[in-house]
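What follows is the residue order along each chain.
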Amino acid sequence: MTGLALHQLQLDDSIEYVRVQWVDLHNTIRFRVLTREYFLHLLQAAKAPPGISITKSVLGLVFLTCAPGFGAVGEYLYAFDLASLRRCIYAEGHAALLGTFLEKHPGPNGIRTPSPLCPRTNLARLTALAAQTSARASFLVGVETELILLTSTNPPEPVNTAGWSNSTATPSGSVAARAIQDIASACSRAGVKVLMYHSEAAPGQYEIVTGPMTPLEAADALVHTREAIYNVAASHGLRATLAPRLFPHSCGSAAHTHVSVRSGHTSPSDHEAPSTTHPSTLTHLQATFLKGLLDHLPAALAFTLPTRASYARMVDGVWSGGTYVAWGAENREVPVRLCRPPSNAATAYDTNFELKPVDGTSSPYLAIGAIIAAGLIGIRAGEEVREPNYVGETLVGAVGEEEWAGLCAQVGGARNDEPRARRRLPTDLGAARAALADDAAFREAMGPELVDAYLGVNQTLDDLLNEGTEAEIVTRLVENF
């Protein structure tokens, strides 16, 4: 407990409060504010991992309603992770950190075990399992967070109608320009890797791009980024929302997630050799990861698109990824887009997979965890993807049977007797929940207890979010995400 973060906190008198943050199973960011003195006292006095006691219902509490399986009995020890400590640039005198939900009472061996329902622990577990495969797989993750700045929530009124990358969206001195710049600065000054920001296509819409980082670092950074978005917008008299689709005649808001996968072998290995099925495009490791991802993407959507509103964005023909289980190089009409670098330089910004069916109503830990869990199944199995590469802006649903057969024939190592059919993604939350419940392999990878708890919480959230008139539902969505 004597790391740099603690050392800085002890020396920096400007930090008066520490926000102990967590993200529950339905993506509400919660925190308790500890005084500096009490926080340091907990660090120095603890004989076990320092932390605070929190009721077990906290992970399944939805709008003051307990989801099935959660109640008033029992407590967790929420153990601090000092490596996650960041200064809250948007809140003077505050710092924030995240932690791990542990069983409060030690087991027979005297060790407090992590709760299987802790989303942050689960993401760390999945990353560790990938590193233990024969490929020694590791990941870097970056996220494009789209948000809309509103002047009111009832009804939602955008701050402007400028459009995608338009200079008129950020005129110097305007409230929108000041807000989005201050959001980027708050993230950068807190140690989040910010790559760029710009206006997007929907009214009042902007995007801030962060990464690449390890999966846990990326999820932690996304929590901090979202808090910066909400708080900085509020300081400018605006409301920021990550709601998936507010305006039916324009684009929705996503959290496109970029994932690169690499082998940890220091010398050349079969994992980094060209794939058999797509030798000019993928490595063997990428091809196995992609197969697992596509095979289990329908189930993963329950985590990455967790609200009814999420599916209003995922339609064909609007660059949102469409409704088919498909991938393609530089194709924005498929859910998994292979992104290539502008040069041949092999860096952290190199080839990666962009997951389009992810939005800001999803928990960073569960969404990134679901992507890694699906890909991990493929890496372990070792079989390569056989879906064709939809290059460019090809619309999967517009491809005729003859063209489809031709695309399949181009896949190396294809067997003539292999049945081929274009698969559809779930197009509503109920279908995604059913896919999650039915996918035994994915359920096992994500953790059965977590999946069961999540399904109950997600159903409770869905019921409560969608009460009342359409206008009330939209306002509730905006005010909660």
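Residues numbered from 1 in each chain as written. Predicted model: local features only at pLDDT ≥ 70, side-chain atom pairs only at ≥ 80, totals over all residues. Heavy atoms only, no water.

Draft legend 1. Geometry of the pairing of strand β13 (residues 255–263). Of all 9 residues that make up β13, 8 are buried, and the element is covered over most of its length. Pairing geometry for strand β8 (residues 137–153) and β13, over 9 bridges, is antiparallel. Bridged to Ser138 within β13 is Arg262. Pairing of β13 with strand β16 (residues 352–355), which is carried by 3 bridges, proceeds in the antiparallel orientation. Paired with His258 across the bridge in β16 is Glu354. (Buried < 20%, exposed > 50% of the residue type's maximum accessible area, 1.4 Å probe, protein only. Helix = DSSP H or I, 4+ residues; strand = E, 2+ residues; numbered from the N terminus. Pairing = 2+ DSSP bridges.)

Draft legend 2. Local environment of the sheet that holds strand β7 (residues 94–103). In spatial order, the strands read β2-β1-β7-β6-β3; together these 5 strands make up an open sheet with mixed pairing. A strand with exactly one partner marks an edge of an open sheet, and here the two such strands are β2 (29–35) and β3 (51–55). The sheet shows a mean angle of 40 degrees between the axes of neighbouring strands, taken without regard to direction. Note: strand β1 (residues 17–23) against β7, 4 bridges, orientation parallel. Residue pairing in the sheet places Arg19 in a bridge with Ala96 of β7. With respect to the sheet, helix α5 (residues 215–235) is in contact with β1, β2, β6 (75–87) and β7, its orientation differing from that of β1 by roughly 115 degrees. (Axes fitted to C-alpha atoms, helices over the stretch in contact; angles between N-to-C directions. Contact = heavy atoms within 4.5 Å.)

Draft legend 3. Here's a closer look at helix α4 (residues 175–189). Here α4 is 15 residues long and its end C-alpha atoms lie 21 Å apart, about the 21 Å a rise of 1.5 Å per residue gives. Of all the positions in α4, only Ala176, Ala177, Ala179, Ile180, Ile183, Ala184, Ala186 and Cys187 are classed as buried. Contact partners of the buried residues in α4: β8, β10 (194–199), β11 (205–213) and α5. (Expected span 1.5 Å × (residues − 1).)

Draft legend 4. View of unusual backbone geometry. Pro155 follows Asn154 through a cis peptide bond whose omega is 0 degrees. Within the element layout of this structure, Pro155 appears in the loop between β8 and β9 (156–158). Cis rather than trans, the peptide bond between Gly211 and Pro212 has omega equal to 0 degrees. Mapped onto the elements of the fold, Pro212 is located in strand β11. Although it is not a glycine, Arg136 sits at a positive phi angle of roughly 50 degrees. Among the secondary structure elements, Arg136 is positioned in the loop between α3 (119–131) and β8. Judged by its relative accessible area of 44%, Arg136 is partly exposed. In this model, Glu330 sits at a positive phi of 55 degrees, which is unusual for a non-glycine residue. Positionally, Glu330 belongs in the loop between β14 (327–329) and β15 (336–339). Residue classification places Glu330 among the partly exposed residues on the basis of a relative accessible area of 28%.

Draft legend 5. Spotlight on the packing of helix α11 (residues 429–438) against helix α13 (residues 448–465). Close contact between α11 and α13 brings their axes to 11 Å; oriented N to C, the two are set at 170 degrees. Between α11 and α13, the crossing angle belongs to the class labelled roughly antiparallel. Between α11 and α13 lies a crossing whose hand is left-handed. The residues of α13 that touch α11, namely those facing Leu429, Arg433, Leu436 and Ala437, are Val451, Tyr454, Leu455, Asn458, Gln459 and Asp462. Broken down by class, the residue content of the contact of α11 with α13 amounts to 6 nonpolar, 2 polar and 2 charged. (Parallel < 35°, antiparallel > 145°, perpendicular 65-115°, else oblique. Left-handed = near helix turned anticlockwise from the far one by under 90°. Nonpolar A, V, L, I, M, F, W, Y, C, P; charged D, E, K, R; others polar.)

Draft legend 6. Up close: the layout of surface pockets. Reported here for the largest pocket is a volume of approximately 1000 Å³. Lining the largest pocket are 45 residues, and of these Glu144, Glu207, His258, Arg337 and Glu354 lie nearest its centre. Looking at the lining of the largest pocket, the elements with two or more residues in it are β8, β10, β11, β13, β15 and β16. The residue inventory of the lining of the largest pocket, partitioned by class, reads 19 nonpolar, 13 polar and 13 charged. Considered as a void within the structure, the second largest pocket measures approximately 450 Å³ in volume. Forming the walls of the second largest pocket are 20 residues, and the residues nearest its centre are Arg245, Leu246, Glu470, Val474 and Leu477. For the lining of the second largest pocket, the element with the highest residue contribution is helix α14 (residues 470–480), accounting for 6 residues. (1 Å grid on protein atoms, 1.4 Å probe; cavity = no way out; pocket = protein on both sides within 12 Å on 5 of 7 lines; lining within 4 Å. Points joined across faces, edges and corners; volume = space filled by probe spheres on them.)

Draft legend 7. Structural view of empty space enclosed by the protein. All told, the structure shown has 5 cavities of 30 Å³ or more when counted by the stated rule. Taken as a whole, the largest cavity spans an internal volume of roughly 70 Å³. Forming the walls of the largest cavity are 13 residues, and the residues nearest its centre are Leu25, His26, Pro306, Thr361 and Tyr454. The leading source of residues in the lining of the largest cavity is α13, at 4 residues. Of the residues belonging to the lining of the largest cavity, the class tally is 7 nonpolar, 6 polar and no charged.

Draft legend 8. Representation of the pairing of β16 in the model. Of the two faces of β16, both are covered, the one formed by Asn352 and Glu354 as well as the one formed by Phe353 and Leu355. Where β15 lies against β16, 4 bridges are found, and the strand directions are antiparallel. When the sheet's bridge partners are listed, Val336 is paired in β16 with Leu355.

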